[in-house]
Amino acid sequence: CRMSDSNGDGKLDTSEHYDHGRLVQRAVDTDGDGHADKWVSYPDPKDPTCTVTDVDKDRDGNHDAAQRTHTCTGSVVAAFTPKPLRFTYALPAATK
């Protein structure tokens, strides 16, 4: 897991999860509330351009199924379940 401050405000807002060196999911706190609300997953190891994006617009800690978008072809999306399905944690504040 690698965490970073993607917008330069001094707070960690992005978490990247790897499996054997391959990026499998990126979680982002887009609104600065300390909780991930956007998840970009890379479910197909053979196609790094295949992405599944989930968002939590209603701030309940769960991705909103109606908001799912993807760039994948074939059946990979139908069989894909984001891991973890409920990805709710507060990103730690950056230390100074």
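Report follows, based on the coordinates.

Considering the sheet that holds strand β4 (residues 38-41)
Reasoning step 1: The antiparallel open sheet is built from six strands, whose spatial order is β1-β2-β3-β4-β5-β6. Strands with a single pairing partner mark the edges of an open sheet, and in this sheet they are β1 (2-4) and β6 (69-70).
Reasoning step 2: The pairing of β1 with strand β2 (residues 14-19) spans three bridges and is classified as antiparallel. When the sheet's bridge partners are listed, Met3 is paired in β2 with Ser15.

Focus: the environment of Val55
Reasoning step 1: Following the sequence through the fold, Val55 ends up in strand β5 (residues 52-55).
Reasoning step 2: Separated by 13 residues in the primary sequence, Val55 and Arg68 have C-alpha atoms spaced 7.0 Å apart.
Reasoning step 3: With residues near it in sequence (within four places) discarded, Val55 still touches Asp37, Lys38, Trp39, Asn62, His63, Asp64 and Gln67.

Some words on the state of the cysteines
Reasoning step 1: By the definition in use, this model includes one disulfide.
Reasoning step 2: Between the sulfur atoms of Cys50 and its disulfide partner Cys72 the distance amounts to 1.8 Å. Taking the sign of the torsion about the S-S bond as the criterion, the disulfide between Cys50 and Cys72, at about 90°, is right-handed. With Cys50 in the loop between β4 and β5 and Cys72 in the segment after β6, this pair connects stretches of sequence that are 22 residues apart.
Reasoning step 3: Owing to a relative accessible area of 1%, Cys50 belongs among the buried residues under this scheme.

A few points about the side chain of Asp64
Reasoning step 1: With respect to the helices, strands and loops of the structure, Asp64 is situated in the loop between β5 and β6.
Reasoning step 2: No salt bridge forms around the buried Asp64; measuring N to O, its nearest opposite-charge neighbour Lys57 is 7.5 Å away.
Reasoning step 3: Reaching out from Asp64, the side chain makes a polar contact with the backbone nitrogen of Lys57 at a distance of 2.6 Å.
Reasoning step 4: If we ignore the near neighbours within four places in the chain, the residues touching Asp64 are Val55, Asp56, Lys57 and Asp58.

Conventions used here
- Residues numbered from 1 in each chain as written.
- Predicted model: local features only at pLDDT ≥ 70, side-chain atom pairs only at ≥ 80, totals over all residues.
- Heavy atoms only, no water.
- Pairing = 2+ DSSP bridges.
- Helix = DSSP H or I, 4+ residues; strand = E, 2+ residues; numbered from the N terminus.
- Contact = heavy atoms within 4.5 Å.
- Disulfide = S-S within 2.5 Å.
- Buried < 20%, exposed > 50% of the residue type's maximum accessible area, 1.4 Å probe, protein only.
- Lys, Arg positive; Asp, Glu negative; His and termini not counted.
- Salt bridge = Lys/Arg side-chain N within 4 Å of Asp/Glu carboxyl O.
- Polar contact = N/O pair within 3.5 Å; in protein donor to acceptor, adjacent residues only side chain to side chain.

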